[in-house]
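So you can see what is in the structure, the chains are spelled out below.
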Amino acid sequence: MFHGTSDSELLQMLASGSADGFGEICRRYTRRLYAYCQRYTRCGPDLEELVQDIFLDLWDYRARIDSSMPLDPLLMTIARRRCVDMVRSTLAAPAYEYFADSPAEAATAYSVDHRIEYEEYIALVRKLVHRLPPLQSQVVEMSRFEHLTNSEIAARIGISEKTVRNRLSLGLKTLRRQLDGTIYLTAAISALTII
């Protein structure tokens, strides 16, 4: 039905609220978005939901889309924002620890652009960690970057495990709040310049 229909024409259809045009965009770009998100997040089980969220964002933005803009960069910007959100939300999760534990594997799994984005993210996290109160900063650094257990941190610093847990919890909450304001805003601004 849409054979020979250009992306620009599909965007015009989408902007006018066409479910058929939207469906064709989904059909054309699902595989590409899966590949992009898989390289970026390495979170296999969540990929289907992540790609659906990208398409839902596109549908939500349809009234503000400039149909003269290319579709591919628009989708990749939305995808990047969603992937950054996912990485940010898993700061204390095993997926984050996988990257911290195995930077060599992460580096080979990503293209240069993705590796640079990831390194920028880690640099931002480290910068924010150093702005925490000294004990929180030290505990977060030892836990997330040196991969020490709470008991190892307690023994090394000379404080109780409960204090380590409390400082780690406070530090991570502060980081998430700061990352919400920093990374999400940056990604949103980036997305809105294309939309």
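Coordinates for the structure precede this section.
Rules used throughout
Residues numbered from 1 in each chain as written. Predicted model: local features only at pLDDT ≥ 70, side-chain atom pairs only at ≥ 80, totals over all residues. Heavy atoms only, no water. Phe/Tyr/Trp six-rings, centres within 6.5 Å; stacked < 30°, edge-to-face > 60°. Helix = DSSP H or I, 4+ residues; strand = E, 2+ residues; numbered from the N terminus. Buried < 20%, exposed > 50% of the residue type's maximum accessible area, 1.4 Å probe, protein only. Core = buried A, V, L, I, M, F, W, Y, C linked by side-chain atoms within 4.5 Å. Contact = heavy atoms within 4.5 Å. Expected span 1.5 Å × (residues − 1). Axes fitted to C-alpha atoms, helices over the stretch in contact; angles between N-to-C directions. Parallel < 35°, antiparallel > 145°, perpendicular 65-115°, else oblique. Left-handed = near helix turned anticlockwise from the far one by under 90°. Nonpolar A, V, L, I, M, F, W, Y, C, P; charged D, E, K, R; others polar.

**Student:** Could you clarify how one ought to interpret the packing of aromatic side chains in this entry?
**Tutor:** For any pair of aromatic rings, the description rests on two quantities: the centre-to-centre distance and the angle between the ring planes. Enumeration according to the criterion identifies 2 aromatic pairs in this entry. Plain terms: the ring middles of Phe 22 and Phe 55 are 6.4 Å apart, the flat faces sit at 90° to each other, and that makes the pair edge-to-face. Of this pair, Phe 22 sits in helix α2 (residues 19–41) while Phe 55 sits in helix α3 (residues 47–61), placing them 33 residues apart in sequence. As far as burial versus exposure is concerned, Phe 22 and Phe 55 are alike and both buried. One aromatic cluster is present, built from ring pairs that chain together Phe 22, Phe 55 and Trp 59.

**Student:** Would you take a moment to explain the nonpolar core for this structure?
**Tutor:** In summary, soluble globular proteins display a tendency toward joint burial of nonpolar side chains. Formed by 27 residues in total, the largest nonpolar core has its most connected members in Ile 25, Leu 33, Cys 37, Ile 54, Phe 55, Leu 58 and Leu 75. Elements with a minimum of two residues in this core: α1 (7–15), α2, α3 and α4 (71–89). Top element by residues in this core is α4. It accounts for 8 residues. Those residues within four positions of Ile 25 in sequence are excluded, and the remaining contacts are Leu 10, Leu 11, Leu 14, Phe 55, Leu 58, Leu 71 and Leu 75. Counting residues in hydrophobic clusters, the runner-up holds 17 residues, among them Val 139, Met 142, Val 164 and Leu 175.

**Student:** Explanation requested: helix α8 (residues 134–145) in the structure shown.
**Tutor:** Residues three or four positions apart in an α-helix share a direction because the helix packs 3.6 residues into each turn. Helix length check: α8 (12 residues) gives 16 Å between terminal C-alpha atoms against 16 Å at 1.5 Å per residue, within 8%. Buried residues dominate α8, accounting for 9 of its 12 residues. Within the sequence span of α8, burial applies to Gln 136, Ser 137, Val 139, Val 140, Glu 141, Met 142, Ser 143, Arg 144 and Phe 145. Within two residues after α8, His 147 carries a phi angle of roughly 60°, on the positive side.

**Student:** Can you walk me through the packing of α8 against helix α9 (residues 150–157) in this structure?
**Tutor:** When two helices pack together, their arrangement is given by the angle between the helix axes and by the axis-to-axis distance. It is at 10 Å that the axes of α8 and α9 come closest, and there the two elements cross at 130°. For the element pair α8 / α9, the angle class is oblique. Of the two possible hands of crossing, α8 and α9 adopt the one that is right-handed. Contacts between α8 and α9 involve Leu 135, Gln 138, Val 139, Met 142 and Ser 143 on the former and, on the latter, Ile 153, Arg 156 and Ile 157. In terms of residue class, the contact of α8 with α9 is made up of 5 nonpolar, 2 polar and 1 charged.

**Student:** Even after reading the chapter, I still don't get unusual backbone geometry, so can you show me in this structure?
**Tutor:** Negative phi characterises most residues that are not glycine, and trans characterises most peptide bonds. With a phi angle near 60°, His 147 is a residue other than glycine that sits in the positive phi range. The residue His 147 is located in the loop between α8 and α9 in this model. Residue classification places His 147 among the partly exposed positions, given a relative accessible area of 34%.

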